[in-house]
Amino acid sequence: MKRLLFLFLISCATSTQLENPDAQFSISKNFDFSKHYTVALIPLKDVSFDEIYNDIALQLLSIGNFKLVERKDIENVLNEQNFQYTGITENTKISEFGKILNADIIGMYSFQIQVGYESFEVYIFGINYKPYIVNVYLKLISVETGEVLYYGKGRGQSYSKSEAIEEAVKNV
């Protein structure tokens, strides 16, 4: 049954990737989709962009086998243990940080936001509208092994920044 579920998920992932050029990802063969995971979600850099965090959290929770460590708990550990966002990327720090939070996975994300290309600009009543182009990157790392279980990139584009972010996160 697990093998059938895994093959189904891989075929869905592959077909999604082929149908949607804005979604690119890689999944480790060791990622067990039948397990439930506790995830500590943190930005790769010391930035605060609640909209991206909230959209990624919503997407992870909607899958059904992820639960999240509360954001305030993550911030408390960062402050108490003198962790730096940039220092967590080392495998030893990921393991230590994850164990303190009782997390199975550290989810690290980053993003880029660009404002428009000339070929996509629209003029309406003399007002120039430029699209937002958002790339979101998400890496799920096992606390136990340090292995990257999932790495994905999602792209979104819209004349509304929040819609571009939402689309990029859905594609990641």
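Structure: see above.
What this report covers is the structure whose coordinates are included nearby. (Residues numbered from 1 in each chain as written. Predicted model: local features only at pLDDT ≥ 70, side-chain atom pairs only at ≥ 80, totals over all residues. Heavy atoms only, no water.)

Some thoughts on the pattern of salt bridges
Okay, so step 1: Under the counting rule described, the total for this entry stands at two salt bridges.
Okay, so step 2: In this structure, D73 and K72 form a salt bridge, with 4.0 Å as the shortest nitrogen-oxygen distance.
Okay, so step 3: K72 sits in the exposed class, given a relative accessible area of 53%. (Salt bridge = Lys/Arg side-chain N within 4 Å of Asp/Glu carboxyl O. Buried < 20%, exposed > 50% of the residue type's maximum accessible area, 1.4 Å probe, protein only.)

Here's the deal with the sheet that holds strand β1 (residues 23-27)
Okay, so step 1: What the six strands build is an open sheet, ordered β1-β8-β7-β4-β2-β3; its pairing is mixed. Only two strands of the sheet have a single partner each, and these edge strands are β1 and β3 (66-68). Each neighbouring strand pair of the sheet contributes to a mean axis angle of 25°, computed without reference to strand direction.
Okay, so step 2: The pairing of β1 with strand β8 (residues 148-158) spans five bridges and is antiparallel. Paired with I27 across the two strands is Y150, which belongs to β8.
Okay, so step 3: Contacts from helix α5 (residues 161-171) reach β1, β4 (105-115), β7 (132-142) and β8 within the one sheet, and its direction differs from that of β8 by about 150°. (Pairing = 2+ DSSP bridges. Helix = DSSP H or I, 4+ residues; strand = E, 2+ residues; numbered from the N terminus. Axes fitted to C-alpha atoms, helices over the stretch in contact; angles between N-to-C directions. Contact = heavy atoms within 4.5 Å.)

Observations concerning the packing of helix α2 (residues 50-63) against α5
Okay, so step 1: At a minimum axis distance of 9 Å, the contact between α2 and α5 shows a crossing angle of 35°. In this structure, α2 crosses over α5, and the sense of that crossing is right-handed. Taking contact as the criterion, the partners of E51, I52, D55, I56 and Q59 in α2 are, on α5, S162, I165, E166, V169 and K170.
Okay, so step 2: Grouping the amino acids of the contact of α2 with α5 by side-chain chemistry returns four nonpolar, two polar and four charged. (Left-handed = near helix turned anticlockwise from the far one by under 90°. Nonpolar A, V, L, I, M, F, W, Y, C, P; charged D, E, K, R; others polar.)

Thoughts on α2
Okay, so step 1: Between the first and last C-alpha of α2 there are 20 Å, a value that for 14 residues agrees with the 20 Å anticipated at 1.5 Å per step.
Okay, so step 2: Residues of α2 that are buried: I52, Y53, D55, I56, A57 and L60.
Okay, so step 3: Those residues of α2 that are buried are in contact with β2 (37-43), β3, α3 (71-80), β4, β7 and α5.
Okay, so step 4: One or two residues past the end of α2 sits G64, with phi positive at roughly 105°. (Expected span 1.5 Å × (residues − 1).)

Focus: the side chain of D55
Okay, so step 1: Along the chain, D55 falls in helix α2.
Okay, so step 2: Buried and without a salt bridge, D55 has K170 as its closest oppositely charged side chain, separated by 8.3 Å.
Okay, so step 3: Beyond its immediate stretch of four places on either side in the chain, D55 contacts I165, E166 and V169. (Lys, Arg positive; Asp, Glu negative; His and termini not counted.)

Focus on the environment of G116
Okay, so step 1: On the secondary structure map, G116 appears in the loop between β4 and β5 (122-124).
Okay, so step 2: Counting along the chain gives 16 residues from G116 to Y132, while the straight-line C-alpha distance between them is 5.6 Å.

Some words on the side chain of N135
Okay, so step 1: Relative to the assigned elements, N135 resides in strand β7.
Okay, so step 2: Residue N135 is classed as buried on the basis of its relative accessible area of 9%.
Okay, so step 3: Look past the residues within four positions of N135 in its chain and what remains in contact with it is S110, F111, Q112, K153, G154 and R155.

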